[in-house]
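One letter stands for each residue in the lines below.
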Amino acid sequence: MRVHVADHPLITHKLTVLRDAQTSSPVFRQLTEELVTLLAYEATRNVRVEPIEIQTPVTRTEGVKISEPRPIVVPILRAGLGMLEGMVKLLPTAEVGFLGMVRDEETFEPTTYAERLPDDLSDRQCFVLDPMLATGGSLGAAINFLFARGAQDVTAICLLGAPEGVAAIEKQVEGHDVTLVLGAVDERLNEKGYIVPGLGDAGDRLYGTA
């Protein structure tokens, strides 16, 4: 597994505002979108392309286009939805699927309650969106769900991660081609499985507690 922690002052600045408990939901949503676009730039560094010949106003030349089958972006519901717009802005030709996963707050174990994905993901590059990599249970289950459908390689994009979560993902996806792109790796998890210092519950801060 490859782990890339983005080291850029704009990313750190936006994360600082996201962490602030006084940041309102509308500002939180806007900054999340902007931050994901920055992280997606790194996450798509190895997106597959193929050569194409075009006509410029001056002459014919060769460039590249996104290869078929197109990449698929998979936000983990519900908090991952807040990251979707920032991702598809950078990769507008990608298809979009959805995975609904919920974590048991007592056992921290994930359960899949909904999915909207192709039955066959063979030869597909998949980009999974999940704001917080805490225990790694939900993200690890989502990544393995995609590989079980035939995905070739998976890149996960998270705003924040905990060392425990990174280690858990590495263990769960052993033998698979996985890249993890993070805005930052924080200190630790607390006894409730929340990232410290973290930014709280990303879903609640994006959409409220309903």
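Residues numbered from 1 in each chain as written. Predicted model: local features only at pLDDT ≥ 70, side-chain atom pairs only at ≥ 80, totals over all residues. Heavy atoms only, no water.

## Concerning the nonpolar core
Logical step 1: Within the largest apolar cluster, 33 residues are counted, with the highest numbers of intra-cluster contacts made by Leu15, Leu18, Leu39, Met87 and Leu159.
Logical step 2: Among the secondary structure elements, those contributing two or more residues to this core are helix H1 (9–19), helix H2 (25–43), helix H3 (81–90), strand E8 (125–129) and helix H6 (202–207).
Logical step 3: Non-local contacts of leucine 159, meaning those with residues more than four positions away in its chain, are made with Leu15, Leu18, Thr32, Leu35, Val36, Leu39, Met83, Asp130, Pro131, Leu182, Gly183 and Ala184.
Logical step 4: Val128, Leu133, Leu139 and Val178 belong to the second-largest nonpolar core, a separate cluster that totals 25 residues. (Core = buried A, V, L, I, M, F, W, Y, C linked by side-chain atoms within 4.5 Å. Buried < 20%, exposed > 50% of the residue type's maximum accessible area, 1.4 Å probe, protein only. Helix = DSSP H or I, 4+ residues; strand = E, 2+ residues; numbered from the N terminus. Contact = heavy atoms within 4.5 Å.)

## Focus on the packing of H1 against H2
Packed helix pairs are characterised by how far apart their axes lie and by the angle those axes make with each other.
Logical step 1: It is the contact of H1 with H2, at a shortest axis distance of 10 Å, that shows an interaxial angle of 155°. Taken together, the axes of H1 and H2 are roughly antiparallel relative to one another. Pair H1 / H2 crosses with left-handed handedness. Counted together, Leu10, Ile11, Lys14, Leu15, Val17 and Leu18 of H1 and Phe28, Leu31, Thr32, Glu34, Leu35, Leu38 and Leu39 of H2 form the full contact between these two elements. (Axes fitted to C-alpha atoms, helices over the stretch in contact; angles between N-to-C directions. Parallel < 35°, antiparallel > 145°, perpendicular 65-115°, else oblique. Left-handed = near helix turned anticlockwise from the far one by under 90°.)

## Describing the UniProt feature "binding site: uracil" (unreviewed entry) in the protein chain
Logical step 1: Taking the numbering used here, the UniProt-annotated feature "binding site: uracil" (unreviewed entry) corresponds to Ile195, Gly200, Asp201 and Ala202.
Logical step 2: If you trace the backbone, glycine 200 turns up in the loop between strand E14 (195–196) and H6.
Logical step 3: Beyond its immediate chain neighbours, meaning those up to four positions away, glycine 200 contacts Met132 and Tyr194.
Logical step 4: Within the local environment of aspartate 201, its side chain forms a polar contact with the backbone nitrogen of glycine 203, the two atoms lying 3.0 Å apart. (UniProt positions renumbered as here; feature names shortened; annotations may be inferred. Polar contact = N/O pair within 3.5 Å; in protein donor to acceptor, adjacent residues only side chain to side chain.)

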